[in-house]
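These are the residues of each chain, in order.
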Amino acid sequence: NQSKIAFIGLGNMGAPMALNLLKAGYPITVFDLSPSALKTLADAGALAASNARQAIEGADIVISMLPASRHVESLYLGDEGILAHIANGALIIDCSTIAPQSAKKVAQAAAARGLAMVDAPVSGGTAGAAAGTLTFIVGGTTDDLERARPVLNAMGKNIFHAGEHGAGQTAKICNNMLLGILMAGTAEALALGVANGLDPKVLSDIMSKSSGRNWALELYNPYPGVMENAPASRGYTGGFGVDLMLKDLGLATEAALASQASIPLGEAVRNLYGIHSKAGAGGKDFSSILELLQKKE
Ligand code: NAD
């Protein structure tokens, strides 16, 4: 007697998350603009819908995992406007990383229709999504979080209640600003070591057991060949895109402007990612920031 789930957005994160819901036995209907993404899930046993409206028909829970605010607003409120068609009593869980104001706006529109919604952005990367060990950072009411919990448990390991609507997004934005700083700093240190004759693997081992240790270094090493499963070792493909990181750093800047907070390192890294994106790396994994800092052969 499982809840019927609609899952919209089957990219690098959405696809493995939806696969874990299937594994947990949930009946799930999926939609993505990309036919190949849709096919992967259909092959695994999900029902493929031909549009978002069809995907949400009769769903008890609607999950979205889209790139940015404009996609989420367009899906629920704009052109596609599925909010008007979601079944009464359904719960909406948006896992995309978007502006807190955007999350609040959609949650308010949902509430006006009598629908519950939580923002539940995630951390843990594509590896965490595949392993079902994501961290969910939830904004919304305690009751709605409790309704979402069984479904989130099927995709993740840690569930945090950050606060009211939008608070999940604010916490996620702070985390990703720090991640961007750590990734750029890690890449900078590795590039410096290699330029001075060190082996990147040896230097990584040393720093992992020293005071420079961090997630980017230990679990997502930006130097090709150091970590077999990291995007760096497969041509910076299939991870967390440079343009998505740039979006998150832009959200950090907006949050800083709104609160008159100072984020000098966050701003520096946003500019680094902006330069990297403009040079053509927007679609690569964000650890490719190493290529901007590396001494060319
Ligand atoms: P992605 O670009 O790989 O996937 C996005 C998917 O959404 C694509 O398949 C695209 O076709 C689909 N899409 C876009 N608009 C759509 C619409 N209107 N209807 C249906 N499908 C639509 O992105 P991703 O890496 O999966 O990231 C998704 C979100 O999760 C982003 O907000 C990102 O910042 C966040 N995030 C990503 C990671 C990561 O490691 N990749 C980690 C944590 C959070």
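Counting from 1, residues in each chain are numbered in the order their sequence is written. Since the coordinates come from a predicted model, pLDDT governs what is reported: local features require at least 70, and pairs of side-chain atoms require 80 or more to be given and counted, while whole-chain, interface and lining totals use all residues.

The chain carries the name 3-hydroxyisobutyrate dehydrogenase in an unreviewed UniProt entry, which gives Undibacterium umbellatum as its organism. On record in UniProt, under Catalytic activity (unreviewed entry), the comment for the chain is "3-hydroxy-2-methylpropanoate + NAD(+) = 2-methyl-3-oxopropanoate + NADH + H(+)". UniProt positions are given in the numbering used here, feature names are shortened, and annotations may be inferred rather than shown by experiment.

Turning next to the environment of proline 100. The way it works is that DSSP assigns letters per residue, a run of H or I at least four long becomes a helix, a run of E at least two long becomes a strand, and they are numbered from the N terminus. By secondary structure assignment, the location of proline 100 is in helix H5 (residues 100-112). Between the buried cut of 20 or more and the exposed cut of 12 or fewer other C-beta atoms within 10 Å of a residue's own C-beta lies the partly exposed class, and all C-beta atoms are placed from the backbone. By the C-beta count within 10 Å, which is 24 here, proline 100 ends up buried. Any residue pair is listed as a contact if its two C-beta atoms, each placed from the backbone, are within 7 Å. Excluding residues that lie within four positions of it along the chain, proline 100 makes contacts with Gly166, Gln169 and Thr170.

Glancing now at the site of the ligand. For the ligand, the set of nearby residues contains 28 residues, the closest of which are Gly11, Asn12, Met13, Thr97 and Phe240. Put simply, the parts of the chain that give the shell around the ligand at least two residues each are helix H4 (69-76), strand E7 (122-123), helix H6 (125-131) and helix H11 (242-259). Of the residues contributing to the shell around the ligand, the split by class is 14 nonpolar, twelve polar and two charged. Residue ranges labeled as domains rest on an automatic or database domain assignment. Two domains share the shell around the ligand, each providing at least three of its residues, namely domain 1 (5-164) and domain 2 (170-293). By definition, a residue lies near a molecule or strand provided its backbone-derived C-beta atom is within 6 Å of it. All amino acids are sorted into three groups, where Ala, Val, Leu, Ile, Met, Phe, Trp, Tyr, Cys and Pro are nonpolar, Asp, Glu, Lys and Arg are charged, and the leftover types, Gly among them, are polar.

A separate point is the pairing of strand E6 (residues 116-119). Whether two strands pair depends on DSSP finding at least two bridges between them. Bridge count between strand E5 (residues 91-94) and E6: four bridges; the pairing is parallel. Opposite isoleucine 93, over in E6, you have valine 118 as the bridge partner. A crossover links E5 with its parallel partner E6, the connecting element being H5, and its sense is right-handed. Crossovers are marked right-handed if the path from the first strand over the helix to the second runs clockwise, as seen with the strands pointing away from the viewer.

When the UniProt feature table is mapped onto this chain, "domain: 3-hydroxyisobutyrate dehydrogenase-like NAD-binding" (unreviewed entry) is found at residues 166-293. Secondary structure within residues 166-293 divides into 66% helix and 0% strand; the distance between the first and last C-alpha atoms comes to 35 Å.

Turning to the environment of alanine 111, a few remarks are in order. Turning to its location among the elements, alanine 111 is positioned in helix H5. The exposure class of alanine 111 is exposed, given the 12 C-beta atoms found within 10 Å. Expressed as a C-alpha distance, the spacing of alanine 111 and histidine 276, which sit 165 residues apart in the sequence, is 40 Å.

This paragraph deals with the packing of helix H8 (residues 167-195) against helix H12 (residues 264-281). In this analysis an axis means a line fitted to C-alpha atoms, helices contributing only their contacting stretch, and an angle means the value between N-to-C directions, from 0 to 180 degrees. Where H8 meets H12, the axes come as close as 9 Å, and the angle between the chain directions of the two elements is 65°. When the interaxial angle is binned, H8 and H12 end up roughly perpendicular. Like other packed secondary-structure pairs, H8 and H12 cross with a definite hand, here left-handed. Listed contacts from H12 to Met177, Gly180, Ile181 and Ala184 of H8 are Leu265, Gly266, Val269, Leu272 and Tyr273. Residues belonging to the contact of H8 with H12 are distributed by class as follows: seven nonpolar, two polar and no charged. Put simply, angles under 35 degrees are roughly parallel, angles over 145 are roughly antiparallel, angles from 65 to 115 are roughly perpendicular, and the rest are oblique. By convention, the crossing between two helices is left-handed when the near helix turns anticlockwise from the far helix through less than a right angle, and right-handed when the turn is clockwise.

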